[in-house]
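Below, each chain spelled out in residue letters.
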Amino acid sequence: MLQLLYVVLLMLALFGSSVAFAPVGDRASTHVSITGSALLQKVKETCQAVAKTSDHEFNPTGPSAEELVQACLGPTATGEVSASKFRSALQDINMQNGLVDSNLANSAPHHFNSEAFLEGRALITEGVASIKMNVHSENFQAARETLGRVLHTLQDFYSHSNWVELGYTEPYVNLIRPDLPLENLADVDTATCCDCANGICSNPILPNILQEKKLTSGYMGIFSAEKPKGKCSHGGAFDLTSPPFPCRGINKDEGSPDNNALHTTAVELATTASLELLEDIRVAVGDSNFLRMMGIARSSVVCFVIDTTGSMRDDIKEARRMVFEIIDSKTGTQDEPSEYILVPFNDPEFGPMVRTTDAEVMKEEISRLRADGGGDTPEMCLSGLQLALTGAPASSHIYVFTDAVAKDIALKDTITALIRSTKSIVSFFMTDATARRRRSVDAPIDHYKDLAVVSGGQAIHVTKKQLPQATAVILDTSTSALVTVLQHTVDAGQKTFPFMVDESLKNITLYVTGTSITFTLTNPAGVTQRHDEVAGKLGTIQTVGNLQRVRLNADRQSGAWEINIQSSLPYTLKVTGQNIIDFIYDFVKLFEGPHPGYAPIAGRPQAGQPAILLLSLMGRKGPSSVVVGEVGLVSASGAEPLSTGTVRHVGNGDILVTVDAVPEGEFVVQLKGTDSVSNTGFWRQSTTQMSVSRVSIQAVVDSSVEPGQTFSLPFSVMTQGSGGDYSISIRNDRDFPMAFPESLTLTTGQYANATLTIKTPAETQSGTDVTLTIEARSSSGADTNYAVLRLSVVTKITDFVKPLCDVVAVEAEDCPEDASQCERFHWALSANVTDGNGTGVERLTLRQGGGVFTHSSLNDSLIQATYNASCCSQTVELVAVDKVGNVGKCYHSIARSNGAPSATVSLSLWLYILVVFTSWL
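A quick note: this is a predicted structure, and the numbers were derived from the prediction, not measured. (Residues numbered from 1 in each chain as written. Predicted model: local features only at pLDDT ≥ 70, side-chain atom pairs only at ≥ 80, totals over all residues. Heavy atoms only, no water.)

S.K.: What exactly am I supposed to notice about helix α12 (residues 359-367) here?
M.R.: An α-helix turns once per 3.6 residues; consequently, residues spaced three or four apart project the same way. Buried within α12 we find Ala359, Met362, Lys363 and Ile366. Buried residues of α12 fall within an arc of 100° about the axis and therefore sit on the same side. Buried residues belonging to α12 abut β1 (301-307), α11 (313-330), β2 (339-345) and β3 (354-356). Capping of α12 at its N-terminal end is provided by Asp358; its side-chain oxygen lies 2.9 Å from the backbone amide nitrogen of Glu360. (Buried < 20%, exposed > 50% of the residue type's maximum accessible area, 1.4 Å probe, protein only. Helix = DSSP H or I, 4+ residues; strand = E, 2+ residues; numbered from the N terminus. Arc of directions from axis to C-beta. Contact = heavy atoms within 4.5 Å. Polar contact = N/O pair within 3.5 Å; in protein donor to acceptor, adjacent residues only side chain to side chain.)

S.K.: Help me understand the sheet that holds strand β39 (residues 887-893), please; the structure alone is not making it clear to me.
M.R.: As a general point, the strands of a sheet are linked pairwise by backbone hydrogen bonds and lie either parallel or antiparallel. Read across the sheet, three strands follow the order β35-β38-β39 without closing on themselves; strand pairing throughout is antiparallel. In the strand order of this sheet, the two ends are held by β35 (841-848) and β39, each with one partner. The sheet shows a mean angle of 15° between the axes of neighbouring strands, taken without regard to direction. Direction of pairing for β35 relative to strand β38 (residues 875-882): antiparallel, over a ladder of six bridges. By the bridge assignment for β38, Leu844 is matched with Ala880. Contacts from helix α9 (residues 260-285) reach β35, β38 and β39 within the one sheet, and its direction differs from that of β35 by about 110°. (Pairing = 2+ DSSP bridges. Axes fitted to C-alpha atoms, helices over the stretch in contact; angles between N-to-C directions.)

S.K.: Got a minute to help me understand the packing of aromatic side chains in this structure?
M.R.: Aromatic rings considered in pairs are described by the distance between their centres and by the relative angle of their planes. With the rule as written, the count across this model stands at 18 aromatic pairs. Taken together, a centroid distance of 5.1 Å and an interplanar angle of 15° make the contact between Phe401 and Phe429 stacked. Remark: Phe429 occurs in strand β5 (residues 425-431) and Phe401 occurs in strand β4 (residues 397-402); sequence separation between them is 28 residues. Per residue, the accessibility class of Phe401 equals that of Phe429, and both read buried. Ring geometry for Tyr585 and Phe587: centres 5.7 Å apart, planes at 90°, overall edge-to-face. Each member of the pair, Tyr585 together with Phe587, is buried. Taken together, the aromatic side chains of Phe112, Phe117, Phe157, Tyr158, Trp163, Tyr168 and Tyr172 make up a single cluster linked through ring pairs. (Phe/Tyr/Trp six-rings, centres within 6.5 Å; stacked < 30°, edge-to-face > 60°.)

S.K.: I would appreciate a short explanation of the environment of Arg368 in the present structure.
M.R.: Mapping Arg368 onto the fold places it in the loop between α12 and α13 (381-391). For the pair Arg368 and Arg320, spaced 48 residues apart in sequence, the C-alpha to C-alpha distance is 9.8 Å. Separated by 3.0 Å, the side chains of Arg368 and Glu365 make a polar contact.

S.K.: Would you mind going over the state of the cysteines with me for this structure?
M.R.: By definition, a disulfide is the covalent link that joins the sulfur atoms of two cysteine residues. According to the stated counting rule, one finds five disulfides in the structure shown. Two residues, Cys47 and Cys72, share a disulfide whose sulfurs are 2.0 Å apart. Disulfide Cys47 to Cys72: torsion about the S-S bond roughly -95°, handedness left-handed. Within this pair, whereas Cys47 is found in helix α2 (residues 30-53), its partner Cys72 is found in helix α3 (residues 65-73), the two being separated by 25 residues in sequence. By the burial criterion, Cys47 is buried, and Cys72 matches it. (Disulfide = S-S within 2.5 Å.)

This is how it looks when you write it as structure tokens:
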């Protein structure tokens, strides 16, 4: 009972208590609440299982996401851990869930409307196969996006069909089991609904349909009132099929006096069905990967992009030293990176990308790097960076080491779009080349600095001898729960920047990047320290190359600080610290239709319109411990005051912010509030710089593609600015061949439609994630926008049969009835596992049980498994997963209802043991 109460409290804390079938929106949001409750329950179950395996307790101190993540990661790692990745994962899933209503409202299969049962089931099963393959390939972002869409479709079945009216109280398992047929479907000529007097009736479905258990769903017409004669309507103001006979709809999206019981049952079934689908995915991919997909990990991801040309020998040596120091100094703490990524680049080669959660593997990989090749000065830096941005998790810190300009500078706009889409932070460590490759100091900085500034990173230019001092920045930023308090990019001049240091903020560091800079730092008590005081009253200052790094003393005062900076040249300022209090955000758009709500926008927000943001708050005790003061947009240069937005709380720790006056040029998001735990004020800023555009791009990927096949992606472009010819540029990170129009003629306020086709090579590995970047640019180059989409390549699944796991023998005669004596006695089980003509068993694991589990080779047509345990461990569950993710299980318990273990003797077990014993001889 206490566990159930905990899950309910966690659901309410994160997702609110709404119970209506609406999309992601600011009113009652059942797709959010259903998805949220199912995800949280499954995450909690997984955390408990992992904790049990790791021999530690899963004991959250409260119901918040922050406390759940802390407990899930375990008590052995010290330090704070942010819930931002978990929150981001939930947001990814919910946003894609909302896009099904925003972009696919008229698609019957995506909503199980208009009796599109076979097509809807195909979307679910193909989507689940794609999720499993993406997780297997560690493409977690693509997996989450597909999961959001699949869950929406699955949940809509229970609201839009007559499954509830037919009296079923369990989910329709055949929807996620393609090996089972969809039975008793009403055909197109069968009438299913009757008319309702005055449009009101408790159940418009015909009695014979209910008696014969015929499955039907309501027809939805957004643009047309046509539907087959006698068919049910979906219903609602936007359904044009409702007024004709028969009237009223059968949807159970929201409760009303005449369908409240049906609505409640639909919610319950949709939740249970979501849990079944999530459990299938969890078992197929394993607990660890399921939690990684859900963002349950320490925040830090260390990603190095390294130039390996001939002059980079010293730089590679320093990068290797830094990786080893990070690994050795942070192991066992919450700052230990959750993942390591390495991307080498040379000329003309770049990659491959190495991703690993094993620190020793990362040490081995970076130790293999050798400086060789090159010749001409420019290298393939941006190609390597593109590979990192598309492969690393969102909001990663990426560190680029190079001493050369970029040969592939044409990728700059694509890199900018990827940075803004992923909100990753890119820092460049640029060193002087040898005499053979000498060139102007400013040559590499211009483009690299632009990219660093957009991302909120650093562009550090040093000599090769200074590089070891500069890389201290990596130790600062490769931490868990890193937050940005303030950042600005200034052309030149003198300016005073105020910032707030909250009571719980730790490891506070200021970075001033530029040349010919002087500054004075002042604390709340008026104590000052100049730039030339290396060890002052407020902190220590390290100057290396064009970077001045100020680390505040541990006894710093909380409250209002300021720094006055003067320079005749451009410079950047950034203030960071370590803390749980933070936020994540997305720019969103409101949409109308049958299920109005909001959905993420592609690219930059629209000029000439209010900017609408969805912020998700995080506090030390969850979002309820954060009191929001001001939220708005602030100019990246700090030249304009904060453009404060109108704040509306929508539950779950989420707030909608509408900003009418958007700053000119680049801007970031700023949140000012109060930490109710300490009752002190705080400031937080986003890192990625954004700006508005008059161009908009619409495109949606709603399915996967098979290797060797061509995928067609319709997209639309519109401008609210001047019409005319706009250039179209599309890139993909796999270099797959594509065809698309290189320009479109736009009329102001009207969408122009086009199609991209991309051919996937036949040898493409199933589970491959392809990142597409679509860019549209005006002829003058003054206005541009982008859309970033992910396409999954998945081999067509023909094997839908689960592996068969049969318990063939159990021996438990020695188990005593006195439970206190169980430890000295043992029981044994044997099982046979087969996959028939399927793809073959890939993994055979012990899911429950504390005994010893062994099995023969997975390559055997008949896999023999044995289990031996103390009589104190009375249950066992074996799980077999084949190569396409089908899951088979066998479960056995020796427990009797009265508490005494059952004692069974099996002749086949003795024969089996005799065979095994003989084989050993």
